[in-house]
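Structural description and commentary
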Amino acid sequence: MDSEQFKNFLFRTDILDASYPVKGAHVWLPYGFQFKKLVFNKLETMMADAGYKQYEFPRLMPGSSLRKIAATVKDFSQNVFWLKDGNKDTDIFLNPTGESGIYPMLHRWIKISSDLPIRLFQVGNTFRSHHRPYPLINSDESTPLLEGHGVFKTRQEVINEFEAVLKILEDMHNTLVIPYRMVTRLQWGNNPVSEKNISFESYFPPKNVNLNIGVAYLQNQIFSRIFDIKFENEAGKTEHTHQLTFGINERALAAMLAIHSDNYGLRLLPEFAPIQVVLIPKPKLHEDHGIEKYTKKITETIKARIYVDNNKNRTVKQKTNHWRERGVPLLLVVEPNDVQNQTIGVKTRTQNSWQTISADSIEQTILKYFSEVEKQIREDAETFLEEKIKIAKSRDELVNLVEQNYIVKFAYCGLAECGINLERNSVGEILGIGVKEKEHGKCIGCGNESSVVGYFSRRAQSP
């Protein structure tokens, strides 16, 4: 489905409504809101398990912070939303990301070496102006962003933590079953907000573009110098802190909803499905035949998020199609003969045929089916991304493949001048250099020996 069809699909499946009368904003509908909560609750737990403590900073930020960044990095003032008090301009803007609000507080909190390290994260809405906003991908109001910040005494400590952060992001993507390639973003042409930038690149089918999901920035002392974040070490000397930041936002939800879906609709992972099981009673000739009592017994046995569909205005087939489109992992049907035989009809979201199973040990059986659904979605997701990546042996081949909406893998020397030439008059850009990937041969841009793998594609507009 194309991008407009996908927006209509999200509305039809009760995920979100993109027709809100403010451009760049959307309404989370009940089913989608529960899905979002389940996903981000899991991510918050993973952050806590990794030693990061949750904070909540204001969405209102001081203009003084932006001016400090502008003096060293870049003037971002035209890309944020400034507030007015009536007709009077204020020196306050809405949070585009956390640095402008968090780092002034770190300046206040950190004084001596025992105040470090600090590992913190927050989850909340962010606001950035986009020329062509699209829900979940580059919304003017993103709902939400999970961002982590780490502050350390030494450069070696922050480098070590950066490796740990990459493992956190890998685990997050794997848990959400978002296929990705991890790349080192090239520094040329970018604002100097970090010494190193690793991004997790996937693909968004409705727009046929590469999609950055998670990102980690090794800032070292760039921002601690901007915001004068210092501590007194054990020798009595004052030093600037060493820092990093990383995050994952609602693009992860977009990737899950788009990549995991099929021609019938959504396919939700059992862990993140608002409704994990739908049970459909099927009485015969409007007589109960003990179905109501049997249904109650089944629902009391199942320790999952279950919904009993007793809608009298829909046939079993209509109910099945309705819940299949919404991605419910498991459908159950109870008919009169099931009551007598102590059985139940079962159909998973990743198979098209019904099976009849014994009601005995149904809880364990459901867990087995959940595992099968996740396994199939995981296999399909990885296959999907593999099929979207092609290898180019020449610049012409690279351009041709990008025009066909592929992510292109190629031998690259890694030099800025060569990269700029590859991007010139092309339909995409270099995404970065594959992390822990090696290539031996001639760079397709300049013919020099290459030792790294480059990735090239059309990229979705930044969030």
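The structure this text deals with has already been given above.
Residues numbered from 1 in each chain as written. Predicted model: local features only at pLDDT ≥ 70, side-chain atom pairs only at ≥ 80, totals over all residues. Heavy atoms only, no water.

**Remarks on the overall build of the protein chain**
Summing up its helical and strand segments, the protein chain has 13 helices and 23 strands in all. Considering only C-alpha atoms, the protein chain reaches an extent of 80 × 55 × 50 Å along its principal axes. Evaluated residue by residue, the protein chain yields a buried proportion of 52% over its 463 residues. Counting only contacts in the protein chain whose residues sit at least 6 apart along the sequence, the fraction spanning at least 24 positions is 69%. By element, 48% of the accessible surface of the protein chain is carried by carbon and sulfur atoms, the whole surface being about 21,800 Å². (Helix = DSSP H or I, 4+ residues; strand = E, 2+ residues; numbered from the N terminus. Buried < 20%, exposed > 50% of the residue type's maximum accessible area, 1.4 Å probe, protein only. Contact = heavy atoms within 4.5 Å. Areas by Shrake-Rupley, 256 points an atom, 1.4 Å probe, with all protein chains shown as cover.)

**Comments concerning the pattern of salt bridges**
With the rule as written, the count across this model stands at 22 salt bridges. Among the salt bridges present, the one from Glu335 reaches Lys282, with a minimum N-O distance of 3.8 Å. With a gap of 53 residues between them, Glu335 in the loop between strand 17 (330–334) and helix 10 (336–341) and Lys282 in the loop between strand 15 (277–281) and helix 8 (291–301) connect regions that are remote in the sequence. When its relative accessible area of 30% is taken as the criterion, Glu335 is described as partly exposed. Because the salt bridges share partners, they merge into one network encompassing Arg12, Glu325 and Arg326. (Salt bridge = Lys/Arg side-chain N within 4 Å of Asp/Glu carboxyl O.)

**Observations regarding helix 8**
One turn of the α-helix equals 3.6 residues, which is why residues spaced by three or four share an orientation. Those residues of helix 8 that fall on the buried side of the exposure criterion are Ile291, Tyr294, Thr295, Ile298 and Thr299. Buried residues along helix 8 cover an arc of 135° about the axis, so they all sit on one side. Along helix 8, the residues that are exposed and aim more than 90 degrees away from the buried face are Glu292, Lys293, Lys296 and Glu300. Summarising the contacts, the buried residues of helix 8 are in contact with strand 15, strand 16 (306–308), strand 17, helix 10, strand 18 (343–348) and helix 11 (362–388). (Arc of directions from axis to C-beta.)

**Quick word on the sheet that holds strand 17**
One open sheet holds the five strands; their spatial order is 16-15-17-18-19, and the pairing between them is mixed. Two strands in the sheet have a free side with no partner beyond their single neighbour: strand 16 and strand 19 (355–358). Going across the sheet, the axis of each strand differs from the next one's by a mean of 30°, ignoring polarity. Sheet topology places strand 18 next to strand 19; four bridges connect them, and they run antiparallel. Across the sheet, Thr343 pairs through a bridge with Ser358, a residue of strand 19. Sitting on the sheet, helix 9 (residues 316–325) touches strand 15, strand 16, strand 17 and strand 18, and the angle it makes with strand 15 is about 175°. (Pairing = 2+ DSSP bridges. Axes fitted to C-alpha atoms, helices over the stretch in contact; angles between N-to-C directions.)

**Considering the environment of Lys237**
Along the chain, the position of Lys237 falls in the loop between strand 12 (230–232) and strand 13 (238–240). We classify Lys237 as exposed; its relative accessible area is 54%. In sequence terms Lys237 and Asp14 are 223 residues apart; their C-alpha atoms lie 58 Å from each other.

**Comments concerning the pairing of strand 5 (residues 82–85)**
Strand direction decides the pairing type here: strand 5 and strand 6 (residues 88–94), joined by three bridges, are antiparallel. Looking at strand 6, one finds that Asp85 is bridged to Lys88. The antiparallel pairing of strand 5 with strand 6 creates a hairpin that spans two residues between the two strands, and Gly86 there sits at a positive phi of about 70°.

**What to know about the packing of aromatic side chains**
Counted according to the given criterion, the structure contains 15 aromatic pairs. Consider the rings of Tyr307 and Trp323, whose centres lie 5.3 Å apart with planes at 55°: the pair is tilted. A residue pair is termed long-range when its members are at least 10 positions apart, and Tyr307 in strand 16 and Trp323 in helix 9 qualify at 16 residues. Through pairs of rings, three or more aromatic residues link up here, namely Phe6, Phe9, Tyr134 and Phe204. One cation-aromatic arrangement involves Lys207 over Tyr134; the distance from NZ or CZ to the ring centre is 4.6 Å. When the ring centre of Tyr369 is taken as reference, the NZ or CZ atom of Lys368 above it lies at 4.6 Å. (Phe/Tyr/Trp six-rings, centres within 6.5 Å; stacked < 30°, edge-to-face > 60°. Lys NZ or Arg CZ within 6 Å of the ring centre and 35° of its normal.)

**Describing the sheet that holds strand 23 (residues 449–457)**
An order of 3-7-8-14-11-10-9-22-23-21-20 is seen for the eleven strands of this open sheet, with the pairing classed as mixed. Lying at the two open borders of the sheet, with one neighbouring strand each, are strand 3 (53–54) and strand 20 (389–391). Of the strands in this sheet, strand 3, strand 7 (118–127), strand 8 (141–152) and strand 14 (242–249) are in contact with helix 2 (residues 30–49), which crosses strand 8 at around 0°.

**Some points on the pairing of strand 7**
Most of strand 7 sits inside the fold, with eight of its ten residues counted as buried. Examined bridge by bridge, strand 3 and strand 7 share two bridges and lie parallel to one another. Across the sheet, residue Gln54 finds its bridge partner in strand 7, namely Phe121. Where strand 7 lies against strand 8, nine bridges are found, and the strand directions are antiparallel.

**Quick word on the packing of helix 2 against helix 5 (residues 155–175)**
Between helix 2 and helix 5, the shortest axis-to-axis distance is 11 Å and the interhelical angle comes to 150°. When the interaxial angle is binned, helix 2 and helix 5 end up roughly antiparallel. Where helix 2 crosses over helix 5, the handedness of that crossing is right-handed. Side by side, helix 2 and helix 5 meet where Lys42, Leu43, Met46 and Met47 of the first sit next to Ile168, Asp171, Met172 and Thr175 of the second. Looking at the contact of helix 2 with helix 5 residue by residue, the class counts come to five nonpolar, one polar and two charged. (Parallel < 35°, antiparallel > 145°, perpendicular 65-115°, else oblique. Left-handed = near helix turned anticlockwise from the far one by under 90°. Nonpolar A, V, L, I, M, F, W, Y, C, P; charged D, E, K, R; others polar.)

Geometric descriptors of this kind do not, in isolation, establish any biological role.
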